[in-house]
Amino acid sequence: MTIDWDVSALLEVMARDLRPLIDPEQAAMIGIFTGGVWLARTLHAALGLRQPLGQVDISFYRDDFSQIGLHPQVRASDIPFDVDGRDIILVDDVLYTGRTVRAAMNEIFDYGRPARILLAVLVDRGGHELPVAADVAALRLIATAGEHIKLRGPDPLRLELEQREPQ
Ligand code: 5GP
Ligand code: MG
């Protein structure tokens, strides 16, 4: 069985839910490379944030990065604003164990001390292994380990919940 959703409608839900939580003059946004960055571009424009969009790559920060592969792809993080005292919206596509978000927060704190970090994700798939919760999630569901959330696109952009092939 496959269930699918229209991603542009989900992004509108995220923007609607974020708007009352932030001041666009003060708040800034950081996308987690790669899946969070393209979502963040759309949300950043929809919210009209004054600060330029940032991105973090957490390949080397995840506590279990060795499981990602021997040669994880590494990109320089880019946070083009002062994080001290600022409200930051951290954006990713899927929240699962919470380890990616924990790693992203570690990296952000290397740049300074934000006033507040909000987490916005397209899908919270449950299965958290750390006390990490999304402030905004367009979809919240309980996926099993055998299920995978797949983004297809770009035209039309769809999100699907599918069963992984048995090994
Ligand atoms: P976590 O670190 O919370 O276990 O996993 C979240 C990260 O892994 C996200 O950056 C996301 O890109 C990726 N991820 C985890 N589960 C899925 C999934 O079912 N589908 C997709 N597309 N990405 C996932
Ligand atoms: Mg990712």
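What counts as what
- Residues numbered from 1 in each chain as written.
- Chains lettered and ligands numbered in written order.
- Predicted model: local features only at pLDDT ≥ 70, side-chain atom pairs only at ≥ 80, totals over all residues.
- Heavy atoms only, no water.
- Near = heavy atom within 4 Å.
- Polar contact = N/O pair within 3.5 Å; in protein donor to acceptor, adjacent residues only side chain to side chain.
- Helix = DSSP H or I, 4+ residues; strand = E, 2+ residues; numbered from the N terminus.
- Buried < 20%, exposed > 50% of the residue type's maximum accessible area, 1.4 Å probe, protein only.
- Pairing = 2+ DSSP bridges.
- Expected span 1.5 Å × (residues − 1).
- Contact = heavy atoms within 4.5 Å.

Let's shift gears to the site of ligand 1. As a matter of local geometry, ligand 1 sits amid twelve residues, with Asp 92, Asp 93, Thr 97, Thr 100 and Ile 149 nearest to it. In this structure, an oxygen atom belonging to ligand 1 sits 2.7 Å away from a side-chain N or O atom of Asp 92. In the model, an oxygen atom of ligand 1 is placed 3.0 Å from a nitrogen or oxygen of the Tyr 96 main chain. At the level of elements, β4 (87-95), α3 (99-111) and β7 (147-152) are the ones that each hand at least two residues to the shell around ligand 1. Top contributing element to the shell around ligand 1 by residue count: β4, with three residues.

Moving on to unusual backbone geometry. At the junction of Phe 33 and Thr 34, the peptide bond is cis and its omega measures out at 0° in the coordinates. Position of Thr 34 relative to the elements: it lies in the loop between β2 (28-32) and α2 (35-47).

Looking now at the pairing of strand β6 (residues 136-140). The element β6 is extensively covered by neighbouring structure, given that four of its five residues are classed as buried. For strand β5 (residues 116-124) and β6, the ladder comprises four bridges, and the chain directions are parallel. Within the sheet, the bridge partner assigned to Ala 120 lies in β6 and is Val 136.

With 13 residues, α3 extends 19 Å between its outermost C-alpha atoms, agreeing within 8% with the 18 Å of an ideal straight helix rising 1.5 Å per residue. Buried within α3 are the following residues: Arg 99, Thr 100, Val 101, Ala 103, Ala 104, Glu 107 and Ile 108. Among the structural elements, β2, β3 (54-56), β4 and β5 are those in contact with the buried residues of α3. One or two positions beyond α3, positive phi appears at Gly 112, with a value near 155°.

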